[in-house]
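# Inside the fold
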Amino acid sequence: DNLTRSAMNSLVWKIYAVVIGTVTTIAATKAIGKVWEVVTGEEPPEPGDPDTPLHLAIVWSAASAIGVGTAQLVTNRGVLKRMRKALNDNTLKKI
């Protein structure tokens, strides 16, 4: 019974992590787009469009990757910290 409860808790936390991760990624992408608009005065470029200047495609791709990656890192660490506390298991290394 404890094994079943533990597995269920773990599954719930994994689902929670996916939901929070998805929301965070969407929010980070929108925020990065808004920052781009404020800084450049233009909408973010379409990096896959051959008409977009290569330097803008590269800068936008790098900014997006750094912003979303950082948001995901912070989110995953926060979820794991909460998961460890809730499950009383400080040995957990990943979600």
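I will try to describe carefully the structure that is included in this document. (Residues numbered from 1 in each chain as written. Predicted model: local features only at pLDDT ≥ 70, side-chain atom pairs only at ≥ 80, totals over all residues. Heavy atoms only, no water.)

What follows concerns a positive patch on the surface. Among the surface-exposed residues, Arg-77, Lys-81, Arg-82 and Lys-85 lie close enough to one another that they form a single positively charged patch. Here Arg-77 lies in helix H2 (residues 54-87). (Patch = residues over 30% accessible without salt bridge, like charges linked within 9 Å, V, L, I, M, F, W, Y side chains within 5 Å. Areas by Shrake-Rupley, 256 points an atom, 1.4 Å probe, with all protein chains shown as cover. Salt bridge = Lys/Arg side-chain N within 4 Å of Asp/Glu carboxyl O. Lys, Arg positive; Asp, Glu negative; His and termini not counted. Charge placed at Lys NZ, Arg CZ, Asp CG, Glu CD. Helix = DSSP H or I, 4+ residues; strand = E, 2+ residues; numbered from the N terminus.)

With respect to the element layout, Trp-60 can be found in helix H2. Judged by relative accessible area, which is 11%, Trp-60 ranks as buried. Trp-60 has contacts with Ile-32, Gly-33, Trp-36, Pro-44, Pro-45 and Pro-47, leaving out every residue within four places of it along the chain. (Buried < 20%, exposed > 50% of the residue type's maximum accessible area, 1.4 Å probe, protein only. Contact = heavy atoms within 4.5 Å.)

Notably, Asn-88 is not glycine yet its phi reads approximately 55°, a positive angle. With respect to the helices and strands, Asn-88 occurs in the segment after H2. Residue classification places Asn-88 among the exposed positions, given a relative accessible area of 72%.

Let us look at a nonpolar patch on the surface. A cluster of nonpolar side chains, contributed by Met-8, Leu-11, Val-12, Ile-15, Val-19 and Val-23, occupies part of the molecular surface with about 540 Å² of accessible area. By secondary structure assignment, the location of Met-8 is in helix H1 (residues 2-40).

Examined against the element boundaries, Trp-13 turns out to sit in helix H1. Given the relative accessible area of 16%, Trp-13 is considered buried. Along the primary structure Trp-13 and Arg-82 are separated by 69 residues, whereas in three dimensions their C-alpha atoms are 9.3 Å apart. Non-local contacts of Trp-13, meaning those with residues more than four positions away in its chain, are made with Val-79, Arg-82, Met-83, Ala-86 and Leu-87.

Any functional reading would require information beyond the geometric quantities listed.
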